[in-house]
Amino acid sequence: MNYTDYNAKAWDAIAEGRTEDGRAQFTKIISHEDYLRAKEGILQVSLTSSKYVPEYWFPPLMGKKLLGLACGGGQQGPVFAAHGAIVTITDLSSRQLEHENLAAKREGYSITTLLCDMEKPLPFADNTFDIIFNPVSNCYIENIQPVWEECARIIKTGGILMMGYVKEEHFMFDPDFSKDQSLTTVYTLPFHSLRDLSEERKQEMRKKQEPFLFSHSLTEQLGGLIKAGFLISDLYEDGDGGGLFDRYMNSYVAVRAVKG
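Within each chain, residue numbers correspond to sequence positions counted from 1 in written order. Local features in a predicted model are, by the rule used here, given only for residues with pLDDT of at least 70; side-chain atom pairs are given and counted only at 80 or more, and totals for whole chains, interfaces and linings are based on all residues. Calculation of side-chain values draws on the structure's entire complement of heavy atoms; hydrogens and water are dropped beforehand.

Helices and strands together make up the secondary structure of the protein, namely eight helices and seven strands. In this setup the radius of gyration rests on C-alpha atoms only. A globule is expected at 2.2 Å times the number of residues raised to 0.38. Computed over C-alpha atoms, the radius of gyration of the protein comes to 18 Å, within 12% of the 18 Å expected from 2.2 N^0.38 for 260 residues, which places it in the range of a compact globule. With respect to the principal axes defined by its C-alpha atoms, the protein has extents near 50 × 40 × 35 Å. For the protein, buried positions account for 54% of its 260 residues. Every residue pair with non-hydrogen atoms within 4.5 Å of one another is taken to be in contact. Taking as baseline every contact in the protein between residues at least 6 positions apart, the subset at least 24 positions apart corresponds to 67%. All accessible areas in this document rest on Shrake-Rupley with a 1.4 Å probe, and a residue is counted as covered only by the protein chains that are shown. Carbon and sulfur atoms provide 52% of the accessible area of the protein, an area that totals close to 12200 Å². Under this rule, positive means Lys or Arg and negative means Asp or Glu; His and the chain ends count for nothing. By convention, the point assigned to a charge is CZ for Arg, NZ for Lys, CD for Glu and CG for Asp. Taking the 27 positively charged and 36 negatively charged side chains of the protein as two groups, their mean positions are separated by 3 Å. Helix numbers and strand numbers start at the N terminus; a helix is a DSSP run of H or I with at least 4 residues, a strand a run of E with at least 2. Partly exposed describes any residue whose relative accessible area lies between the buried limit of under 20% and the exposed limit of over 50%, with all areas from a 1.4 Å probe on protein chains only and scaled to the type maximum.

Turning our eyes to something else, we now look at the environment of Ala24. Of note, Ala24 is situated in the loop between helix 1 (3–16) and helix 2 (32–39). With 65 residues separating them along the chain, Ala24 and Ile89 place their C-alpha atoms 19 Å apart.

Once that is clear, we can look at the nonpolar core. What is meant by a nonpolar core is a set of buried Ala, Val, Leu, Ile, Met, Phe, Trp, Tyr and Cys residues, joined one to another through side-chain atoms within 4.5 Å. Counting 44 residues, the largest nonpolar core has Leu69, Ile132, Trp148, Leu225 and Phe230 as its most contacted members. Once residues lying within four places of it in the same chain are set aside, the contact partners of Leu69 are Thr90, Met118, Leu122, Ile132, Phe133, Asn134, Pro135, Val147 and Cys151. Formed by 30 residues, the second largest nonpolar core is a distinct cluster that contains Ile30, Val53, Leu66 and Ala81.

Here we come to the packing of aromatic side chains. Two rings belonging to Phe, Tyr or Trp (six-membered ring only in the last case) form a pair when the distance between their centres is within 6.5 Å. Interplanar angles under 30 degrees mark stacking, angles over 60 mark edge-to-face geometry, and anything in between is tilted. Evaluated as defined, the whole model comprises eleven aromatic pairs. With a centroid separation of 5.8 Å and an interplanar angle of 20°, the aromatic rings of Phe171 and Phe191 are classed as stacked. Highlighted residues: Phe171 in the loop between strand 5 (155–166) and helix 6 (193–196) and Phe191 in the loop between strand 5 and helix 6, separated in sequence by 20 residues. Neither Phe171 nor Phe191 differs from the other in exposure class; each is buried. Of the aromatic side chains, those joined through ring pairs into one cluster are Phe58, Phe80 and Phe133.

This paragraph deals with the pattern of salt bridges. By definition, a salt bridge exists where a carboxyl oxygen of Asp or Glu is found within 4 Å of a side-chain nitrogen of Lys or Arg. According to the stated counting rule, one finds 14 salt bridges in the structure shown. Linking Arg201 and Glu204 is a salt bridge whose minimum nitrogen-to-oxygen distance equals 3.5 Å. Taken as a pair, Arg201 and Glu204 lie in helix 7 (residues 199–208) at a separation of three residues, close to a single helical turn. Among the charged side chains, a network of salt bridges with common partners joins Glu16, Arg18, Arg95 and Glu98.

Any link to function would need more than the numbers given here.
Dropping the structure here:
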């Protein structure tokens, strides 16, 4: 099994509640009450952990073709649909897409869901989408420049790409929560789970069904977007939602970019 297949199964396990993992918060379908609030005009979605994306980042969504890239789980898709967007959601996890379809069935709206690997060519024609919304996810893939190139291909000129990512320095540390609740610098960068972790640690991850991770530099993240033809129009940082890293630094960045 390659790491992509493994990560897909790991996320299936998280979505099914078969593993104790902090990522489970990203697999819970929004409530009916929150969907109704979105129908009333509230636009609250996250690219990172805690903060909502500023509403001014979005154009009016009615009739806009929006791709939620690696965005399954039934959290953001329902909000976009409530605002009148034509929504397509892709994800590596079939269970995350099931959650997306369950939300659509419950609330009675139409949505397109596709199981796909964002490291590979995306199954869409050129200039298809007005907006691409990509929450934190590229830490689970080894190569991200092909993702930016594909996004540039399938989004219209002037289209908006919003994405979240994990800061590279986050991966230098190995938080040992069983001892003194402190952070210890262990790894050099770039971090690569399959290369840098001991066999014992990898076996432990497999047993707990934790996905494998990869760090990406600022050059790969923002520089890669610029290289693909995007213009960075805004960004903000976010913490990890009250976890250990919040005591030391913001771990996440959200970026808004426009195809030139």
